[in-house]
Amino acid sequence: MPHFHCFSPRVIQFTLLAVLLPLLTSAQSPDSLSKYFTSVSLEDPDSAWHVLKPELKGKKLFLFGEVHGVAVNNILQLSLLKYLHKYANVRHLLLEVSPAEGFLYDHYLRTGEKKYLTTTTYSDILEDRRFWDSLYLFNKQQPSSQKIRVFGIDKADHLNFVQAMKVIFWESKANDSLPYEFERVNNQLIHCVTKLKGFKKLRRLLKEDFVKQPNVYKDYLGDDFWYFRYTISNTLYRYSDRKRDLKMYQNTLIIFDEFEQDNFLGVFGEAHVNTFQKNNYSLYYYLNDNETIQDSIFTLHTHYKEVEALYLGKVNRFRESGLFLQKQKHFIVPNAFKTVFEQVESDITLMPLRLLIQASYFGLHRKDFFLYIKNQKAETLVPLVKRKK
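**Re the pattern of salt bridges**
Under the criterion given, the structure shown has 11 salt bridges. A salt bridge links Glu171 to Lys115, with the nearest nitrogen and oxygen atoms 3.7 Å apart. Taken as a pair, Glu171 in helix α4 (residues 158–171) and Lys115 in the loop between α2 (99–111) and α3 (126–140) lie far apart in primary sequence, 56 residues in all. A residue is classified by how much of its surface remains accessible, and Glu171, at 27% relative accessible area, is partly exposed. Look at Lys115 and you get partly exposed, because its relative accessible area is 46%. Across the salt bridge formed by Asp154 and Arg244, the nearest N and O atoms sit 2.6 Å from each other.

**Section: the pairing of strand β6 (residues 263–269)**
Among the 7 residues in β6, 7 count as buried, and that is most of the element. Taken together, the 5 bridges between strand β4 (residues 90–95) and β6 define a ladder with parallel strand orientation. Across the sheet, Val90 pairs through a bridge with Asn263, a residue of β6.

**Considering unusual backbone geometry**
Its identity as a non-glycine residue notwithstanding, Asn89 has a phi of 60°, on the positive side. For Asn89, a relative accessible area of 31% corresponds to the partly exposed category. Here the phi dihedral of Asn375 falls at roughly 60°; this positive angle occurs in a residue that is not glycine. Asn375 gets classed as partly exposed once you look at its relative accessible area, which sits at 39%.

**Some thoughts on helix α8 (residues 225–232)**
Along α8, 7 of the 8 residues are buried, which leaves the element largely enclosed by surrounding structure. Burial in α8 covers these residues: Phe225, Trp226, Tyr227, Phe228, Tyr230, Thr231 and Ile232. Buried residues along α8 sit against α2, β5 (149–152), α4, α6 (199–212), α7 (214–221) and α9 (244–258).

**Comments concerning the packing of α2 against α4**
Relative to each other, α2 and α4 sit at 50°, their axes nearing to 8 Å. Compared by their axis directions, α2 and α4 come out oblique. The crossing of α2 and α4 is left-handed. Of the residues in α4, those in contact with Ala100, Glu101, Phe103, Leu104 and His107 of α2 are Asn160, Phe161, Gln163, Ala164, Val167, Ile168 and Glu171. Broken down by class, the residue content of the contact of α2 with α4 amounts to 7 nonpolar, 3 polar and 2 charged.

**Here we look at the packing of α2 against α8**
Closest axis-to-axis distance for the α2/α8 pair is 9 Å, and the angle between their directions is 155°. The angle between α2 and α8 falls in the class roughly antiparallel. Along its contact with α2, which presents Pro99, Ala100, Gly102, Phe103 and Asp106, the element α8 presents Tyr227, Tyr230 and Thr231. When its residues are assigned to classes, the contact of α2 with α8 shows 5 nonpolar, 2 polar and 1 charged.

The rules we used
- Residues numbered from 1 in each chain as written.
- Predicted model: local features only at pLDDT ≥ 70, side-chain atom pairs only at ≥ 80, totals over all residues.
- Heavy atoms only, no water.
- Salt bridge = Lys/Arg side-chain N within 4 Å of Asp/Glu carboxyl O.
- Helix = DSSP H or I, 4+ residues; strand = E, 2+ residues; numbered from the N terminus.
- Buried < 20%, exposed > 50% of the residue type's maximum accessible area, 1.4 Å probe, protein only.
- Pairing = 2+ DSSP bridges.
- Contact = heavy atoms within 4.5 Å.
- Axes fitted to C-alpha atoms, helices over the stretch in contact; angles between N-to-C directions.
- Parallel < 35°, antiparallel > 145°, perpendicular 65-115°, else oblique.
- Left-handed = near helix turned anticlockwise from the far one by under 90°.
- Nonpolar A, V, L, I, M, F, W, Y, C, P; charged D, E, K, R; others polar.

Okay, here's the thing in structure tokens:
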């Protein structure tokens, strides 16, 4: 998820290293790259992305790989999203959250209603809250055809699923009488809300009932019908599912089919967009294996050094994490990268991958870019007394 950096009073400078394709040669000296460094303050990060402009043409899916829980991710991703919205026709944000949680964020962007975000990270993480509030204000200024939509493609979760069903069946149609055909579904939803159990039964009942009377659902749900059908069709239930990335890919295709005219920014953990490891059946692997998509993907990889990250409410310190992760705790950072990294003084550096490594070894796209991020703080937990607001 995107995050916001606020731990230091100084103005952090981001360094963008833009190296054009004619420079792709193994004889390139790291020192000679300094003329391509561009420092940009957090007060105006948007202008930095212009270095990517030559690579945008013909791209449909932009991927941002991250290490979750690092505060600075937020400002980078919000800035990039706005830039791609303007210059690459990006109208949809894909996230590593459940379809139900994605629906709740999408509902907030469309309505400004926050009360149903209590089960999401908006309630817990300060940087997420700032991200969504900023995106809501941005969206509010756009004409209807250019507003950003949000979709989750990951594992289903009970609390957000029930919350989404409350919005779809109760909130969106508050002035309409619930059809008698929904009596069993409505009773089970009430049971889930009041007893905090029976979630699997609700999901199963919705799937079975929808198959029997799809037109009743379509007529009643109106604009929410597609998102409802997408949410209940999700077959990913466990993070440990060996086919997790395949199912995330299948969810992505459903969204692509519905919004085929528009472009997308996907924000996922680096492992899902990582092309470094051979035989790594990641989300990227399946996307790149699809002949209709593979040439329209642009990936922004990340690698972090000396950062903190928030995970399950605890701040963890990482010496390194990200693109070069090998079997959880082992890293193999090529010497070519190390040599260049030693020349970098700013906190964040953007560079094209093929400048430094051979594609035959890593299997990376010629025009993929890479963010080297260092010395960053973890995202911030919202104090408990403020979470209900």
